[in-house]
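The chain contents come next:
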Amino acid sequence: MKKAICILISLVMIMSAFTIMPSAANDISITADWNILTVENPTVQQEFAVTRLQEVIKDATGFELPAVTNAEGGNYIAIDSDLAFNAGEEPPAENGYIIRAKDGNVYISGTGIRGTIQGVYRFLSEFLGYRVYTKTLILVDEMSSILVPADTDISYAPFFEYTCTDWESPRDIEYCIANGITGGPYVNISDSMGGTVNYLGNMCHSLTENICSRYTYFETHPEYFAYRNGKRIDKQLCLTNPDVVELVKNEVLELLDAEHNPDASLQIISLTQADNQEYCTCENCVAFEKAHGNVRSATMINFVNQVADAVKEAGYNNVVIDTFAYQYTRKAPTGIVPRDNVCVRLCSIECCFAHALDDKKCASNVAFMKDLVDWKNICNRLYIWDYTTNYANTCTVFPNFGVMQRNVQVFAENNVKGVYEEGNYYMSFCDSEFGELRSYLLCKLMQNPYLDYNKTMNDFLVAYYGKGWMNIRKAIDMYTDNAGDILGHLRIYHSCKDSMQLTNRKVKIIDKYWATAYNEAETDMHRANIYRSEMSWRYYKADTGKGEFSSLNTARFDETQKLYDDLIAHGVATISECSRNDMLDCAAVRYVKPHQWDGFEEGDADTQAKIKWGQAQENSPLNPIRDLLYKLMNWLWGLFI
Ligand SMILES: [Zn+2]
Ligand SMILES: [Zn+2]
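The structure displayed is predicted, hence computed values, not measured ones. (Residues numbered from 1 in each chain as written. Chains lettered and ligands numbered in written order. Predicted model: local features only at pLDDT ≥ 70, side-chain atom pairs only at ≥ 80, totals over all residues.)

S.K.: Sorry if this is basic, but what is going on with the packing of helix α3 (residues 44–61) against helix α4 (residues 115–128) here?
M.R.: The description of two helices packed together rests on the angle between their axes and the distance between the axes. With their axes 8 Å apart at the nearest point, α3 and α4 run at an angle of 15° to one another. Classed by the angle they form, the pair α3 and α4 counts as roughly parallel. Crossing geometry of α3 relative to α4 is assigned as right-handed. Contacts from Gln45, Gln46, Phe48, Ala49, Arg52, Leu53, Val56, Ile57 and Ala60 in α3 reach Thr116, Ile117, Val120, Leu124 and Leu128 in α4. Its residues assigned to classes, the contact of α3 with α4 comprises ten nonpolar, three polar and one charged. (Axes fitted to C-alpha atoms, helices over the stretch in contact; angles between N-to-C directions. Helix = DSSP H or I, 4+ residues; strand = E, 2+ residues; numbered from the N terminus. Parallel < 35°, antiparallel > 145°, perpendicular 65-115°, else oblique. Left-handed = near helix turned anticlockwise from the far one by under 90°. Contact = placed C-beta atoms within 7 Å. Nonpolar A, V, L, I, M, F, W, Y, C, P; charged D, E, K, R; others polar.)

Below, the structure written as structure tokens:
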């Protein structure tokens, strides 16, 4: 691992701010003669923590601090020493830590499987400037000594037991450890490096698919499945059928027999509805739901409770059964509560992301908050499945930067124990926006929802986009201020037109921000990052006919073609969640809006008509007049900016 990290690390070739600031008399200066004091017989986690501490200190200072169990009068950074704590002091919460300057030495002490490791990474971040911004952009300050202020006394307790997001960099182990990600399945960190809370089997939509599979049982036992419009269909299960309950109990116990890890602090098995609305409407299901608030989560909770009881009876005390509060099961039932070993994952798919979830002026979010509070009141292990990209127009700007922090705070303040921030999980073939920025912010927010959001964002922008970063910040702020449709709401399937409301003048201002950022960038990496992220802005303009894509501009077809070619050249193979490898690749590409790129096929009559129309436009005798008008309008839009 060290070798890989060393290749990735670029040292910031400036002296650290810590070393040029005058230090107070009692401040600690860690120099080459210091030791790392470890416990006798360290655990594998403590060994890993010490090794990473040594490696990054060496990268930053050149010091090779020895790991010793007795510092013999010398100074030390102590890992998990009892001396860290004051008399009568409580240890940190599970997987938490303290970092403390005391008696001229430094103490890092943690609890649980990852507290010590997380404490070391926090130390590296705070005092050596170690930052893992992306899986390949890893920085550490260069310094001649490590300054630790005398009053250093940091304590941390995790806000959530499970955190996960599925963008690209959060699949990298070093990125996840450094940025506090603790949950699978997109990353699987070994226990010796702090571990992850993992799902056994599929993490979602397991019922009818992997559990009580429709492929295995529908033909012989249609009664296991949903009754709708007079017949059984294989889209969902009939959750009140006792045979289904028994079958699922057995399948879950078999899964545990094969994959259970008795040493894990927590493992999860997901029993979650298929991704459709075809719930069972048989007499028994309807009657049970009617008796429990007339909501469809009632049969689901009753179902998973029975499986959870069987798991508990079999002695699996570190296993919980997970289910969804999603779409038709989003509302909490009455007269029935989830068992202690049941986890409910409430999904925010219907929400607005221009307004914070607790914004009382946004009706869809008010409805969600009611459900969140109802679940919180009956469930002691509530998780959230949240959404952070535009799934219908993934290449365009998704201006949710104004609500990301508040939303994670809302989860923390409502007894939520786990957060999954679903994003652009297909970013490896659809990366044109702010994927890395968004990933970094989400990870950091789940690690600490109350961090300095502006500083965290700006630090990232400096590292990732370079000298002209402030212009990109201004563009992001302008996107955020104008987010949403004409009523100001923003959803995850919105068209480009409904994502932001921008006048031509504002478009000109944002164009200038992007151009300035690019011109001020000093490295190829920064220019490449700006160019890629700006494609999302160009996509927005192309789809809404703004700026150089205005219908007055006769060169707009060339601009559309150039955008398409750039996206392809940058590895973008889809424009939405569902259109992978289905992007238009024919002569009509230049004549249609980007959101239609997956809707035309070479040879279709429609496509031929579109091409004919476009060619006529390009050869129109009116074009000189259009060009003149465009020049005039362009001049007007750009006045006084
Ligand atoms: Zn039924
Ligand atoms: Zn709203």
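There is more to say, and it comes next.
S.K.: When you look at the packing of helix α14 (residues 469–481) against helix α15 (residues 504–520) in this model, what are you seeing that I'm missing?
M.R.: Contact geometry for α14 and α15: axes closest at 7 Å, N-to-C directions at 155°. When the axes of α14 and α15 are compared, the pair comes out roughly antiparallel. Remark: the crossing between α14 and α15 carries left-handed chirality. Across from Trp469, Asn471, Ile472, Lys474, Ala475 and Met478 in α14, the residues of α15 making contact are Lys506, Ile509, Ile510, Tyr513, Trp514, Thr516 and Ala517. By residue class, the composition of the contact of α14 with α15 is nine nonpolar, two polar and two charged.

S.K.: Explanation requested: the nonpolar core in the structure shown.
M.R.: Inside soluble globular proteins, nonpolar side chains tend to come together where they are buried. Formed by 177 residues in total, the largest nonpolar core has its most connected members in Ile77 and Cys238. Those residues in contact with cysteine 238 that sit more than four places away from it in its chain are Glu223, Tyr224, Phe225, Ala226, Tyr227, Val244, Cys280, Cys282 and Cys285. (Core = buried A, V, L, I, M, F, W, Y, C linked by C-beta atoms within 7 Å. Buried ≥ 20, exposed ≤ 12 C-beta atoms within 10 Å, placed from the backbone.)

S.K.: Is there a simple way to explain the domain arrangement of the protein chain in this structure?
M.R.: How big an interface is tends to be stated in terms of accessible area lost as the parts join. Annotation of the protein chain at the domain level lists domain 1 (2–156), domain 2 (197–344) and domain 3 (475–637). Measuring from the centre of the C-alpha atoms in domain 1 to the corresponding centre in domain 2 gives 46 Å. (Domains from an automatic or database assignment.)

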